Every structure is written in structure tokens, then in C-alpha cells.
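Now for the letters of each chain:
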Amino acid sequence: MKRLKVHPNCALIVVDVQNDFLPGGALAVPEGDAVVEPVNSLMHCFDLVVLTADWHPADHESFAANHPGKKPFESVRLNGVEQVLWPAHCIAGSSGALFSDALNASCAALIVRKGMRKTCDSYSAFVEADRKTRTGLAGWLREREVEEVYVCGLALDFCVSATAFDAAEAGFQTTVVLDACRAINSDAQSLRELADAWHQAGIRTMSCSEVREKLA
Ligand code: VGL
Ligand code: ZN
């Protein structure tokens, strides 16, 4: 097998490729399963792969069922922060919280679990929704001398995007690998607004083949 050159200062962050975000899951992202093959193929280009997992207690306050009278996709204020309410998903230890069987999870150097505290959600793999509690990922990457991160996975418009913004804010050169992501809201207008916001924040977008060419 051809051995690809691996770039020591780059890490791939694979966001939430978990059964509940795949077709048939509790919070299925349209075509969520379509990210698995491109994500697996990207992993070969990276020396360091980090997987993230949404990992909630059953009484998590991001679940509509834990707010009497509220329905999924309505929002509430949680500790002064606007919070979308979701169907219960990625309950710690449940089968829905497992990585897709088809994901090459064995190559990950680190798995970051997030959203574990009942009262606080975390779309980002770096900083929770209170914008204070840090997961330690930035420090871990710095200790591994990472300067550049590539972000992919699910869902593009929530956890992937939030992770990319916080990566850029933490000082990493950040790229979203678009065709290795799928969004919950994938209409053209929403995606354009997202891309504008990333570019304002200095975040680049690339396709898998562009990443492979750049890192080969
Ligand atoms: C996510 C909504 C709620 C995600 C996680 O992984 O994008 N979205 N929890
Ligand atoms: Zn969640």
C-alpha cells in the first residue's frame, strides 16, 4: 500500500459520527451516513486524529422531554443562553451514542466527550455553551505541537461549525472539509451564511480531494 506522507503539525477533528446522527437515529442528520467514507479516507492523511462524541446524561437540559410542554426544535433560555431543544440523543453509554460501526475509530489518538453536564450543552469540542468551561482540547493539541486543524463530521451547522469557530479562536489555522460533513439545515441560504461567517473568522473551506492534494 502506498504510504502517504503525514503532516506532523496537522490534526483531523472528526465531529460526532455517532449512530443517533445517522439515518434511523434519534436526531438523524439528512445523509449523515454519507460522511463515513470520506472521513475514513481523510484519516490516512493525518498523523493525529481526534474523534468527538456528544455524550449526554438522560436528564440533559438540551432535551425537549426534560422541559414539560416544550417540543423538539423549540428553544428556551438556559442560564442566560439560547438553547435549541432536541429529541433525546446520544445518551451516555447507549447504542445511539456509539460511533458508526463503519467509522475507522481505531486510529483516533483522542476521544473528546462533550455535553456531559446536565445543565450545559456543548456543540463545540473546545468550549461548552456557557462559553467558560473548556474541554482541554486546545491544550492537548498545543502539547502535540499542532498548528493546523481540519474539521469534518456531523452536524455541519451545529457541532462542526461551533468546533471550527473555537479552533480558529484558539489560534489554530482551521479548515472545514465540506464534503465530509452534512448539515441539519442544508438549504443554500443557510449554508451561504455559514460559509460567510467562517471566512470572516479566517476559517477556510476545502473538499476532501483538495485536502488530500495539499497534504500528499
Ligand atoms: C449536535 C444538536 C445537538 C451535533 C449535537 O452534533 O451537531 N446537534 N447535539
Ligand atoms: Zn447533543
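Residues numbered from 1 in each chain as written. Chains lettered and ligands numbered in written order. Predicted model: local features only at pLDDT ≥ 70, side-chain atom pairs only at ≥ 80, totals over all residues. Heavy atoms only, no water.

J.: I keep staring at helix α1 (residues 36–43) and nothing clicks. Help me out?
T.: Residues separated by three or four positions in an α-helix point in the same direction, a consequence of the helix having 3.6 residues per turn. The buried fraction of α1 is high, at 7 of 8 residues. Listed in full, the buried residues belonging to α1 are V36, P38, V39, N40, S41, L42 and M43. For α1, the secondary structure elements touched by its buried residues are β1 (7–15), β2 (46–54), β6 (148–154), β7 (173–182) and α5 (208–215). (Buried < 20%, exposed > 50% of the residue type's maximum accessible area, 1.4 Å probe, protein only. Helix = DSSP H or I, 4+ residues; strand = E, 2+ residues; numbered from the N terminus. Contact = heavy atoms within 4.5 Å.)

J.: Got a minute to help me understand the coordination of the zinc ion (ligand 2) in this structure?
T.: Ideal geometry at a metal gives 109.5 degrees between four tetrahedral donors and either 90 or 180 degrees between six octahedral ones. D54 (OD), H56 (NE2) and H89 (NE2) make up the full set of protein donors to the zinc ion (ligand 2), lying at 2.0 to 2.2 Å. Given 4 donor atoms and angles of 87 to 170° at the metal, the environment of the zinc ion (ligand 2) is assigned as irregular. All donors to the zinc ion (ligand 2) come from one chain, and their sequence spacing reads D-x1-H-x32-H. Comparing D54 with H56, the two get one shared label, buried. (Donors = N, O, S within 2.8 Å, 3.2 Å for Na, K, Ca; no water. Tetrahedral: all angles 85-135°; square planar, octahedral: opposite > 155°, others 65-115°.)

J.: For this particular structure, what's the right way to read the sheet that holds β7?
T.: Adjacent strands of a sheet form backbone hydrogen bonds with each other and so pair up, either parallel or antiparallel. Strand order in the open sheet made by the 6 strands is β5-β2-β1-β6-β7-β8, with parallel pairing throughout. Edge positions in the sheet fall to β5 (110–114) and β8 (204–206), since each has one partner strand and no second. Within the sheet, the average angular offset between the axes of one strand and its neighbour, ignoring direction, is 25°. Of the pairings in the sheet, the one linking β1 to β6 comprises 6 bridges and is parallel in character. Bridge assignment links I13 to a residue of β6, and that residue is V151. (Pairing = 2+ DSSP bridges. Axes fitted to C-alpha atoms, helices over the stretch in contact; angles between N-to-C directions.)

J.: Any chance you could explain the site of ligand 1 here in plain terms?
T.: Around ligand 1 sit D16, F21, L27, D54, W86, H89, Y123, L154, A155, F158 and C159, and those are all the residues in its vicinity. Interatomic distance of 3.4 Å between a backbone N/O atom of L154 and an oxygen atom of ligand 1. Taken together, the residues of the shell around ligand 1 break down into 8 nonpolar, 1 polar and 2 charged. (Near = heavy atom within 4 Å. Polar contact = N/O pair within 3.5 Å; in protein donor to acceptor, adjacent residues only side chain to side chain. Nonpolar A, V, L, I, M, F, W, Y, C, P; charged D, E, K, R; others polar.)

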